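Geometric and topological summary
This is what each chain is made of:
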Amino acid sequence: MSMLSKNRYQRGSIRSLVRSLCLGAIALSIVGIDSVKANQNLATPTQQVAVLSGVDLDPYIETYAELVYLNYRDSHTQAAAMAGAISDFLAQPNETTHSEAKTAWIKARQSYLQTEAFRFYEGPIDYIDSETGEEGPEGRINAWPMNEAFIDYVKGKSDAGLINNPDFEVSLEGILENDQVTDEADVTTGWHAIEFLLWGQDFNDQGPGQRSYEDFIPDQGNNNRRREYLQLVTVQLLEDLAFLEESWKPGADNFRAEFVNSDPQENISKIFTSLATLSAFEISSERMAVALDSGNQEDEHSCFSDTTYQDFVYNTQGIYNVYTGNYQDYQGQGFDELVSEINPDLNQQMIAALDKTQSSVVNIAQPFDQVLASPAGSPEREDVEAAITSLEDQAEMFQQVGNALGIEVEILAE
């Protein structure tokens, strides 16, 4: 994987083109949905609100809030386990401890990826305070794509990055002050910064990056600075995940308390907008279509570890969790039950769309960079195209469900 120019990281022509095409498709899809609604003789919004107003929505909102809390709690717990493995690795850098740290990163990602179903409505993860300009921690946690050369050395430039800059003092304050300041790809924190430090650039056609554990042996070159940097960004990730867990903790004076006591119909609108946006914009467009169009493995979401396939699987699982109200051993009152009361046939269509998406995602070949290297029209690429279509159809179904409930469901784009 070679170092890319800054133009590639400024959401250049390929990314902009795909986004435009995606938005155009979404607009056409909405027209298509209107036709379906007409054919199904769905009630008018006024009639729908009247039907929904007679339903107790509190159990569905409580289920959602508890599911969010449990998922963030797991993410924080697994990230803490990863932090322990990284500490063990830094205490005794060798192939075994290095491998264990990387394995812990992969496992910790699995719960976090499911939490991405809680984005896109200015909750604790991605709020923006209009008065102070303060933002939620999503950008610090999972910013992507990233210019790895901003952090550490890359092929052909051994002195690249903050780690190798003698004028930069490695401190958490300094790392945060330099995060995405002049270029959104100059990412200094989060999952992908840790991923790059553990794996390094990926030039391996058959697997992930091959960074040596020797980069972390103390008192050699800039290794001490690299060791400290890895420790600091890991601590920051834990702090941000702890904040999200606390924000949704039951029985506390926090965002959850405010959320469950606010307008339940507005909350459901936010929730379904989140699910539709994650489906049709973030996964299908930004993470699949952009990479497929460019054919560049650096457009993969988790390119250093070659775990992009995992990203797709657990992102779509997170969407399924929210609609059904189930997460791990927790079984709540899901929105599938609500929709089934209003329109059983529509609920079956929604479940079918979710099942089709999960099946199509599982069919994607791994590692994902092998798909990107395959020629146009290859079965591997066709499988990804099928997944993209399923995700877009799934988003349209969320809009149709929203219409049946008398709520607005948007597909947002950055």
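None of these values were measured; they are calculated from a predicted model. Every chain is numbered on its own, with residues counted from 1 as its sequence reads. The predicted nature of this model means local features are confined to residues of pLDDT at least 70 and side-chain atom pairs, given and counted, to a pLDDT of 80 or more, with totals for whole chains, interfaces and linings taken over all residues. The side-chain values count all of the structure's non-hydrogen atoms but skip hydrogen atoms and water molecules.

1. Section: the overall build of the protein
Each helix and strand in the protein was counted, giving 15 helices and 2 strands. Only protein chains enter the accessibility calculation, which uses a 1.4 Å probe; a residue is then buried when its area is under 20% of its type maximum, exposed when over 50%, and partly exposed in between. Buried residues in the protein amount to 55% of all 414 residues. Sequence-distant contacts in the protein: of pairs separated by 6 or more residues, those separated by 24 or more amount to 78%. Accessible surface computed for the protein: about 17200 Å², of which carbon and sulfur atoms make up 47%. A run of H or I in DSSP counts as a helix once it spans at least four residues, and a run of E counts as a strand once it spans at least two, with each numbered from the N terminus. The contact definition used throughout considers only heavy atoms, calling two residues in contact when any of these lie within 4.5 Å. Only the protein chains shown count as cover for residues, with accessible areas throughout obtained via the Shrake-Rupley method and a probe of 1.4 Å.

2. Some remarks on the side chain of Asn147
Along the chain, Asn147 falls in the loop between helix H5 (138-142) and helix H6 (172-177). Of note is the side chain of Asn147, whose polar atom sits 3.3 Å from the side chain of Asp186. We call two N or O atoms a polar contact when they sit within 3.5 Å, provided that within protein one can donate a hydrogen and the other can accept it, with sequence-adjacent residues counted only if both atoms are side-chain atoms.

3. With respect to the packing of aromatic side chains
Stacked, edge-to-face and tilted are the three classes for Phe, Tyr and Trp ring pairs, Trp counted by its six-membered ring, which pair at centre distances within 6.5 Å; planes under 30 degrees apart are stacked, over 60 edge-to-face, the rest tilted. All chains considered together, the criterion is met by 19 aromatic pairs. The lysine or arginine in question, Lys155, covers the ring of Phe203, its NZ or CZ lying 4.8 Å from the ring centre. A ring has a charge above it when a Lys NZ or an Arg CZ is no more than 6 Å from the ring centre and no more than 35 degrees off the ring normal.

4. Here's the deal with the confidence of the model for the protein
As a per-residue measure, pLDDT tells how confident the predictor is, with possible values from 0 to 100. This prediction gives the protein a mean pLDDT of 89; 87% of its residues lie at or above 70. In this model, residues 1-48 is a region of pLDDT below 50 whose contacts with residues beyond four sequence positions or in other chains number 81 contacts.

5. Considering unusual backbone geometry
Each neighbour pair has its own omega, and for Trp144 with Pro145 the value is 0°, a cis peptide bond. Looking at the secondary structure, you find Pro145 in the loop between H5 and H6. If you check the backbone angles, Asp306 has positive phi at about 60° while not being a glycine. In this structure, Asp306 sits in the loop between helix H10 (264-294) and helix H11 (308-324).

6. Describing the packing of helix H12 (residues 335-342) against helix H13 (residues 344-362)
In the contact formed by H12 and H13, the axes pass within 6 Å of each other and the chain directions differ by 145°. Contacts between H12 and H13 involve Asp336, Val339, Ser340 and Ile342 on the former and, on the latter, Pro344, Leu346, Asn347 and Ile351. Side-chain classes follow a simple rule in which Ala, Val, Leu, Ile, Met, Phe, Trp, Tyr, Cys and Pro form the nonpolar group, Asp, Glu, Lys and Arg form the charged group, and the remainder, Gly included, forms the polar group. Here the residues of the contact of H12 with H13 sort into 5 nonpolar, 2 polar and 1 charged. Between N-to-C directions, angles cover 0 to 180 degrees, with each direction set by a line fitted to C-alpha atoms, over the stretch in contact for helices.

7. Focus on a negative patch on the surface
Patch construction takes residues with relative accessible area above 30% that form no salt bridge. Like charges are linked within 9 Å, and nonpolar side chains (Val, Leu, Ile, Met, Phe, Trp, Tyr) are linked within 5 Å. By convention in these notes, a salt bridge is any Lys or Arg side-chain nitrogen within 4 Å of a carboxyl oxygen on Asp or Glu. His residues and chain termini do not enter the charge count, which takes Lys and Arg as positive and Asp and Glu as negative. Charge coordinates come from a single atom per side chain, which is NZ of Lys, CZ of Arg, CG of Asp or CD of Glu. Taken together, the side chains of Glu169, Glu173, Glu177 and Glu228 present a region of like negative charge at the surface. Looking at the secondary structure, you find Glu177 in helix H6.

8. Some words on the environment of Glu148
Inspection of the secondary structure assignment puts Glu148 in the loop between H5 and H6. Between the C-alpha atoms of Glu148 and Leu197, which are 49 residues apart in sequence, the distance is 9.1 Å.

9. Here we look at the pattern of salt bridges
As enumerated under the stated definition, the model contains 12 salt bridges in all. Here Arg119 and Glu116 are joined by a salt bridge, their closest N and O atoms 2.9 Å apart. For the pair Arg119 and Glu116, a shared accessibility class is recorded, and that class is buried. Close ionic contact of Glu138 with Arg119 constitutes a salt bridge, the shortest N to O distance being 3.6 Å. Pair noted here: Glu138 is in helix H5 and Arg119 is in the loop between helix H4 (95-115) and H5, with a separation of 19 residues, a long-range link. Among the ionic contacts, a cluster of salt bridges with common partners joins Glu116, Arg119, Glu138, Glu282 and Arg287.

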